[in-house]
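An overview of the molecular structure
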Amino acid sequence: MSIWPVLKDEELSPQAAAVFADIKAVRKTNFINNFWRVLANDPALLARTWDSLKQVMAPGALDPQIKEMLYVAVSIANGCEYCIRSHTAAARAKGMSEAQLGELLAVVGMASETNRLATGLQVPVDEAFLPDPKTD
């Protein structure tokens, strides 16, 4: 159960309603998911989070599908079921195949395992992986 209520449209403050209108316009949809509906309890938090997400997920050097897949990977690492499910759906909508999802899961699993091994064993970082002070 959510800490804050999942607000319905008629319960929104004018500020939150304006953010929802922008979400609908940017995403070309009438669907506002529960994440935004819960954040709407704090309109400033809602606006700040939406503005940041729009900037980070906007077209750039990374393909939108890759951005969503990265979001899935980080969500798995952080254990956020909501984000895993919502961003897997978004990545699929942007063209991610089941084979790509399988490889993504394999990479996340492998990275988690080797990260834990390197951390637990306190493996020293090779000089070759460190910045060269002469060139940096």
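The coordinates are above.
Residues numbered from 1 in each chain as written. Predicted model: local features only at pLDDT ≥ 70, side-chain atom pairs only at ≥ 80, totals over all residues. Heavy atoms only, no water.

This brings us to the packing of aromatic side chains. With the rule as written, the count across this model stands at 3 aromatic pairs. When the ring of Phe-35 is compared with that of Trp-36, the centres are 5.0 Å apart and the planes differ by 75°; the resulting orientation is edge-to-face. Within the aromatic cluster, the residues linked to one another by ring pairs are Phe-35, Trp-36, Trp-50 and Tyr-82. (Phe/Tyr/Trp six-rings, centres within 6.5 Å; stacked < 30°, edge-to-face > 60°.)

Moving on: the packing of helix H4 (residues 64-78) against helix H5 (residues 81-93). Direction vectors running N to C along H4 and H5 enclose 160°, while the axes themselves pass 8 Å from each other. Considering the angle they form, H4 stands roughly antiparallel to H5. Our pair here, H4 against H5, has a crossing hand that is left-handed. Listed contacts from H5 to Gln-65, Glu-68, Met-69, Tyr-71, Val-72, Ser-75 and Ile-76 of H4 are Cys-83, Ile-84, His-87, Thr-88, Ala-90 and Ala-91. In the contact of H4 with H5, the residues fall into 8 nonpolar, 4 polar and 1 charged. (Axes fitted to C-alpha atoms, helices over the stretch in contact; angles between N-to-C directions. Helix = DSSP H or I, 4+ residues; strand = E, 2+ residues; numbered from the N terminus. Parallel < 35°, antiparallel > 145°, perpendicular 65-115°, else oblique. Left-handed = near helix turned anticlockwise from the far one by under 90°. Contact = heavy atoms within 4.5 Å. Nonpolar A, V, L, I, M, F, W, Y, C, P; charged D, E, K, R; others polar.)

The subject of this paragraph is helix H1 (residues 14-27). With 14 residues, H1 extends 20 Å between its outermost C-alpha atoms, agreeing within 8% with the 20 Å of an ideal straight helix rising 1.5 Å per residue. Restricting attention to buried positions, one finds in H1 the residues Ala-16, Val-19, Phe-20 and Ile-23. Viewed end-on, H1 has its buried residues packed into an arc of 100°, placing them on one side of the element. Pointing more than 90 degrees away from the buried face of H1 are the exposed residues Pro-14 and Ala-25. The positive-phi residue at the C-terminal boundary of H1 is Lys-28, with phi of around 50°. (Expected span 1.5 Å × (residues − 1). Buried < 20%, exposed > 50% of the residue type's maximum accessible area, 1.4 Å probe, protein only. Arc of directions from axis to C-beta.)

Here the structure, examined in full by the defined rule, presents 0 disulfides. Note on Cys-80: no disulfide assigned, nearest cysteine sulfur contributed by Cys-83 at a separation of 3.1 Å. (Disulfide = S-S within 2.5 Å.)

Here we come to helix H3 (residues 43-57). For H3, which comprises 15 residues, the first-to-last C-alpha distance of 21 Å matches the rise-based estimate of 21 Å (1.5 Å per residue) to within 8%. Inspection of H3 places Leu-46, Trp-50 and Leu-53 among the buried residues, and these make up the whole buried set. Taken end-on, H3 shows its buried residues confined to a sector of 65°, consistent with a single buried face. Facing away from the buried surface of H3 by more than 90 degrees, the exposed residues are Arg-48, Gln-55 and Val-56. At its buried positions, H3 is contacted by H1, helix H2 (34-39) and H4.

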